[in-house]
Amino acid sequence: MPRELPGLYWDEEKQRYFPLASSRRPQIASPSTLHPPTRPQSAPQATGESHNLKRHRNRSLLRAMEEARFSFRTTHKNKLIQRPKSHHRPLYHPHAVLSLPSRYDHHHQPVCNHIDDDRACKAVSYNNNVHSFAGDTGGLFYSSVVGRDELVTGHHTSHGWRPEFSLSSEASTYLFIISSICISGSRCIATSFGPESKILHFPLDLDSEDIRVTGVNNRSVRDIWTADFQGTRLVLGTNDQAVVIDDAADRATVCFMKTGSDVFAVAQDNNIIYTGSRAGIVQRFDSRIASIKGDRIFNDPYTTQNNSVTNLKILYDWQLLTSNIDGSLAMFDLRFPDNRTPVISFTGNINTYTTKTPIAVDPHEQFLFAAGQDRRIRLWSLSTGGPPLVSPVSVFQKPFENPIRALQVVEEQEGVLDLWATSGATLYKYNLGQRM
């Protein structure tokens, strides 16, 4: 009699095991179908025949176990996509007030929870509304729209988050993680990390355009780590290269810029593209030149080796803010690309191996926010650098329960700044108060 294996059933006709969730499972008509009948087993006539029989059984068992694993992954994705709407309802909790320099007032706002770990978030003011977006490790993309004049009262808010799209399809055995979210004009773009390059186009005005998913028609493009979207040009940081799409809507003029290492950070300034790689190298490319070879800038082989570049931001039109996997934060002068000495250094950030440690700069380019591996957010003055700004009552003194994966500072109302932060399955929003 065949053995009873957990999660599997014996198919008498096929003479093999199948997972219980399989569509091949026969309908139970009578007790006789519950177990296969016992058949007399004859002794093997030769050693070779016995060996082949054993090998055949092992192969059948391995195939059955693989189908069971596939069924589990498919069932998990179905739960992510088909969960009741009530599970997406945000939960709200109060948190400590934020203490900033005297140029800012101090207020606080509630917290929003999602079902899976948030990996990216982005917010923007558009047509008198605040559009907020978030993506999680299950490939789900969320959105929220609230009027700029709607205020938060007590523990309630009008931010009603809802799932809009899933980049993890039924046809794939992989869960595509939302790796980045970018906004330019009236379009939001979300990218996925996985064996296929998936790009979600989400218009802020759904009445004029539909949601759609595109990709790069090149098998060498996978694992989108990051992205930068300005105007119509989309720059992707992928495996061993940066991909530049001049017109994201029409996928026109796709250019591949080889870096020789995974690209963790990208930034663009008109036709100039900057990349930061796993190898710790910052490269500069000119999209107007046919050559795909970039120039190494600020390169010090003694300090950059294996010190991965995790973030790049262009400030004041001529400075490049960089962060590395060792926690270092520095500002370089783009007018002197051969100078290895930073203009300003920011000390006190903590990181040793995490590649997803976000940074953010306020819209007026006065303050730098950075998340450390110790699950703390720190604040620096961009004009002075040095150690972080410290306040004994600041929320920055208390670590989050989970690693922080995304940061953004947004001016949702005129003169009023808000800090967005994702940690675990929670999207936090801190009101930094009125800019004086």
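The following paragraphs examine the structure supplied in this document. (Residues numbered from 1 in each chain as written. Predicted model: local features only at pLDDT ≥ 70, side-chain atom pairs only at ≥ 80, totals over all residues. Heavy atoms only, no water.)

### Let's talk about the pattern of salt bridges
By the definition in use, this model includes nine salt bridges. A salt bridge links arginine 187 to glutamate 209, with the shortest nitrogen-to-oxygen separation between them at 3.0 Å. Here the residue arginine 187 occupies a position in strand β9 (residues 187–193), and glutamate 209 occupies one in the loop between β10 (199–203) and β11 (212–214), the gap between them amounting to 22 residues. Take arginine 187: its relative accessible area is 14%, and that puts it in the buried class. Here aspartate 374 ties to arginine 376 by a salt bridge, and the two come within 4.0 Å at their closest N and O atoms. Several salt bridges share partner residues, and in doing so they unite Asp374, Arg376 and Arg378 into one network. (Salt bridge = Lys/Arg side-chain N within 4 Å of Asp/Glu carboxyl O. Helix = DSSP H or I, 4+ residues; strand = E, 2+ residues; numbered from the N terminus. Buried < 20%, exposed > 50% of the residue type's maximum accessible area, 1.4 Å probe, protein only.)

### What to know about the nonpolar core
Grouped together as the largest cluster of nonpolar side chains are 17 residues, with contacts concentrated most on Phe369, Ile377, Leu407, Val409 and Leu419. Residue assignment for this core shows that the elements contributing at least two residues are β25 (367–371), β26 (377–381), β27 (404–413), β28 (416–423) and β29 (426–434). Here phenylalanine 369 is in contact with Pro358, Ile359, Ala360, Ile377, Arg378, Leu379, Phe396, Leu407, Val409, Leu419 and Leu432, once residues within four sequence places are set aside. (Core = buried A, V, L, I, M, F, W, Y, C linked by side-chain atoms within 4.5 Å. Contact = heavy atoms within 4.5 Å.)

### A word on unusual backbone geometry
The backbone phi angle of asparagine 127 is positive, close to 55°, even though this residue is not glycine. Examined against the element boundaries, asparagine 127 turns out to sit in the loop between β4 (118–126) and β5 (129–136). Despite not being glycine, phenylalanine 298 shows a phi value in the positive range, around 50°. If you trace the backbone, phenylalanine 298 turns up in the loop between β19 (295–297) and α2 (301–304).

### Points about the packing of aromatic side chains
Taken as a whole and assessed by the stated rule, the structure comprises nine aromatic pairs. Both rings, one in phenylalanine 133 and one in phenylalanine 141, keep their centres 5.5 Å apart while their planes meet at 15°; by these two values the pair is stacked. Under the relative-accessibility criterion, phenylalanine 133 is labelled buried at 1%. With a centroid separation of 4.7 Å and 65° between ring planes, the pair formed by tryptophan 225 and phenylalanine 264 is classed as edge-to-face. Linking tryptophan 225 in the loop between β11 and β12 (226–230) with phenylalanine 264 in strand β16 (residues 263–269), this pair joins segments that are 39 residues apart in sequence. Judged by relative accessible area, tryptophan 225 falls into the partly exposed class, the value being 23%. By relative accessible area, phenylalanine 264 is classed as buried at 7%. Put simply, the rings of Phe133, Phe141 and Phe202 pair up and form one aromatic cluster. In this structure, lysine 198 is placed above the aromatic ring of phenylalanine 176, and the distance from its NZ or CZ to the ring centre is 4.3 Å. (Phe/Tyr/Trp six-rings, centres within 6.5 Å; stacked < 30°, edge-to-face > 60°. Lys NZ or Arg CZ within 6 Å of the ring centre and 35° of its normal.)

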